[in-house]
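# A structural walkthrough
Below are the chains, spelled out letter by letter.
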Amino acid sequence: MTHEERQSRRLLVTGGAGFIGSNFTRYWCDRYPEDRVVVLDALTYAGNLSNLEGLADSGNFRFVRGNICDRPLLETLLAEENIDTVAHFAAESHVDRSILGPDAFIQTNVVGTFTLLEAFRNHLANRSEVDRCRFLHVSTDEVYGSLDPDDPPFCETTPYAPNSPYSASKAGSDHLARAYYHTYQVPTVITNCSNNYGPYHFPEKLIPLMCLNILLGKPLPVYGDGQNVRDWLYVIDHCCALDAVIHRGTLGETYNIGGNNEVKNIDLVRTLCRLMDEMAADLPVKPSETLITFVKDRPGHDRRYAIDSTKLQTSLGWEPSVTVEEGLRKTVQWYLNNEAWWKPLLSEEYQSYYAQMYG
Ligand code: NAD
Ligand code: TYD
């Protein structure tokens, strides 16, 4: 389908001021400037308006600060913007925070997703043309639980076995999205993606935390024995996959998205140290590997995640375009170039979270 043949869309992007949501919003506005894009975000600690800097100038973009649990706000926005596509990213997303305090995870991830599904169902009931409407529910591979070293990667039929309050709340929201298709024909598609990395990643997740700690000469806290495995995907590759699913995904289906890049945490941290030593001009401690410190393990820490994205690759023709080495280089360079973005995030709230987590 060429751009000329494509019918424009009117998107509501929830959580569009967060890490993946803002990358997606930038990607979408750049690729489909004819589309209307409305970002709804509560601006929690993880949401940041500077992630969307520059977009306000485009006539087709609007930012609304608000909560996905606010049903009247959702109904007003869906109606007044005549939304046909919801891209639902808004969530509490950090496993460690879900262990410290699960309440917000149940509220936003379960109750918020339910409220959004209800509002969209109601909105569609008042529309004549619903065929091309979509509700993209963006989820995680963590709903499948933990793999042993020789287990095959997660596929779409792997039974759910979430182990953290975060993954349990995401599993609940996935089930709701699925049920709303089967019961009410709300046009949902679900994606379950592996760990993302790239620009605008809040610095309490592994990769940005390590990059900033290396720059600041602080210890690099590796949980447990560092042998836990994650499957890393560059965030723009995730956005391309979501584009394919919105345009060509089958309603009611689930698509797994992964980078086919399984890496042990300790190896990833060592790679970041090597790249930083090579690319950063002045580091307070060099070689930065000497900063690696093994700390107490995360309770219920999943040992291994790996994703089989054959379905997405064969049915929608998507594949990752960035290797881990390339993606990590781009990411390190981005953090080196964007101190003005990350410095304000190391706020009092961040320091108090850091002290609570790492002592
Ligand atoms: P993030 O924490 O960086 O961003 C979440 C955004 O949602 C923030 O801007 C926050 O302000 C907003 N938000 C939180 N609660 C809200 C509420 N009640 N109402 C409105 N907005 C609210 O998260 P992320 O890493 O960008 O993840 C986005 C989505 O992708 C999540 O659903 C997450 O489960 C999923 N996911 C993330 C990863 C990953 O590696 N980060 C991997 C797979 C799937
Ligand atoms: P994280 O970025 O929190 O993602 P997730 O837990 O959703 O996979 O963590 C990635 C991995 O890195 C995970 O196995 C936990 C580990 N980790 C550390 O070893 N030290 C840290 O300081 C953090 C934040 C994570």
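Just above, that's the structure.
An account of the accompanying structure is given in this report. As the structure is a computational prediction, the values presented were derived from the model and not from experiment. (Residues numbered from 1 in each chain as written. Chains lettered and ligands numbered in written order. Predicted model: local features only at pLDDT ≥ 70, side-chain atom pairs only at ≥ 80, totals over all residues. Heavy atoms only, no water.)

So, on to the overall build of the chain. On a plain count of helices and strands, the chain comes out with 12 helices and 12 strands. A compact globule built from 359 residues would reach a C-alpha radius of gyration of about 21 Å, and the chain, at 20 Å, matches this within 12%. Evaluated residue by residue, the chain yields a buried proportion of 55% over its 359 residues. Long-range pairs, those at least 24 residues apart, make up 82% of the contacts in the chain between residues at least 6 apart in sequence. (Helix = DSSP H or I, 4+ residues; strand = E, 2+ residues; numbered from the N terminus. Rg over C-alpha atoms; globule rule 2.2 N^0.38 Å. Buried < 20%, exposed > 50% of the residue type's maximum accessible area, 1.4 Å probe, protein only. Contact = heavy atoms within 4.5 Å.)

Here the idea is plain: a probe the size of a water molecule rolls over the atoms and shows the empty space left. Roughly 320 Å³ of internal volume is contained in the second largest pocket. Around the second largest pocket, the lining comprises 17 residues; the ones closest to its centre are Tyr223, Lys296, Gln356, Met357 and Tyr358. Mapped by element, the contributors of at least two residues to the lining of the second largest pocket are helix H3 (95-100), strand S8 (220-223), strand S12 (292-295) and helix H12 (348-358). If one sorts the elements of the lining of the second largest pocket by residue count, H12 sits on top with 4 residues. Class assignment for the residues of the lining of the second largest pocket results in 11 nonpolar, 2 polar and 4 charged. (1 Å grid on protein atoms, 1.4 Å probe; cavity = no way out; pocket = protein on both sides within 12 Å on 5 of 7 lines; lining within 4 Å. Points joined across faces, edges and corners; volume = space filled by probe spheres on them. Nonpolar A, V, L, I, M, F, W, Y, C, P; charged D, E, K, R; others polar.)

Our next topic: the site of ligand 1. Close contacts around ligand 1 come from 28 residues, with Ile20, Asp41, Ser93, Tyr166 and Lys170 the closest. The backbone of Ala42 places a nitrogen or oxygen atom 3.1 Å from a nitrogen atom of ligand 1. At 3.0 Å, a backbone N or O of Phe89 approaches an oxygen atom of ligand 1. When ligand 1 is considered free in solution it has 830 Å² of accessible area, and contact with the protein chains removes 96% of it. Sorting the residues of the shell around ligand 1 by element identifies helix H1 (19-31), strand S5 (134-140), helix H5 (165-184) and strand S7 (195-197) as the ones contributing at least two each. Of all the elements, S5 adds the most residues to the shell around ligand 1, at 3 residues. Across the shell around ligand 1, the residue classes break down as 13 nonpolar, 13 polar and 2 charged. (Near = heavy atom within 4 Å. Polar contact = N/O pair within 3.5 Å; in protein donor to acceptor, adjacent residues only side chain to side chain. Areas by Shrake-Rupley, 256 points an atom, 1.4 Å probe, with all protein chains shown as cover.)

A few words now on the sheet that holds strand S11 (residues 262-264). Strand order across the open sheet formed by 3 strands is S7-S9-S11, with mixed pairing between neighbours. At either margin of the open sheet sits one strand with a lone partner, and together these are S7 and S11. This sheet shows a mean twist of 50° between the axes of neighbouring strands, independent of strand direction. Here S7 runs beside strand S9 (residues 229-234); their pairing, made up of 3 bridges, is parallel. Residue Tyr197 lies in a different strand from S9, and its bridge partner there is Tyr234. Most of the contacts of helix H8 (residues 265-279) go to S11, to which it runs at about 85°, and overall it touches S9 and S11. (Pairing = 2+ DSSP bridges. Axes fitted to C-alpha atoms, helices over the stretch in contact; angles between N-to-C directions.)

In this structure the tally under the stated criterion is 1 cavity of 30 Å³ or more. Volume-wise, the largest cavity comes out at about 50 Å³. Forming the boundary of the largest cavity are Val95, Glu142, Asn163, Ser164, Arg230, Arg298, Gly300, His301, Asp302 and Tyr305. Residues belonging to the lining of the largest cavity are distributed by class as follows: 2 nonpolar, 4 polar and 4 charged.

Take the sheet that holds strand S10 (residues 254-257) next. The 7 strands lie next to each other as S3-S2-S1-S4-S5-S6-S10, forming an open sheet whose pairing is parallel. Unpaired on one side and paired on the other, strand S3 (61-65) and S10 mark the two borders of the sheet. Across the sheet, the mean angle from the axis of one strand to that of its neighbour is 20°, orientation sign disregarded. In this sheet, strand S4 (residues 85-88) lies alongside strand S1 (residues 10-14) in parallel orientation, the contact comprising 4 bridges. By the bridge assignment, Leu12 is partnered in S4 with Val86. Packing against the sheet, H1 makes contact with S1, strand S2 (36-41), S3 and S4, and its axis sits at approximately 160° to S1. Together, S4, S5, strand S6 (188-193) and S10 form the strand contacts of helix H7 (residues 235-248), whose direction differs from that of S5 by roughly 145°.

Quick look at the site of ligand 2 now. What surrounds ligand 2 is a group of 18 residues, the closest being Glu142, Pro221, Arg298, His301 and Tyr358. The separation between an oxygen atom of ligand 2 and a polar side-chain atom of Arg298 is 2.5 Å. Among the elements that take part in the shell around ligand 2, S8 stands out by supplying 3 residues, more than any other. Residue composition of the shell around ligand 2, grouped by class: 8 nonpolar, 5 polar and 5 charged.

Our focus in this paragraph is the environment of Gln107. Relative to the assigned elements, Gln107 resides in helix H4 (residues 103-125). A relative accessible area of 41% places Gln107 in the partly exposed class. Counting along the chain gives 62 residues from Gln107 to Ser169, while the straight-line C-alpha distance between them is 8.9 Å. The residues touching Gln107, leaving out its near neighbours within four places in the chain, are Cys69 and Gly112.

We now examine the side chain of His94. Looking at the element boundaries, His94 is found in the loop between S4 and H3. In this structure the side chain of His94 is engaged in a polar contact, spanning 3.2 Å, whose partner is the side chain of Asp96. His94 has contacts with Tyr45, Phe105, Glu204, Lys205, Arg298 and Tyr353, leaving out every residue within four places of it along the chain.

Position of Asp41 among the secondary structure elements: in strand S2. At 2.9 Å, the side chain of Asp41 and the backbone nitrogen of Ala17 are in polar contact.

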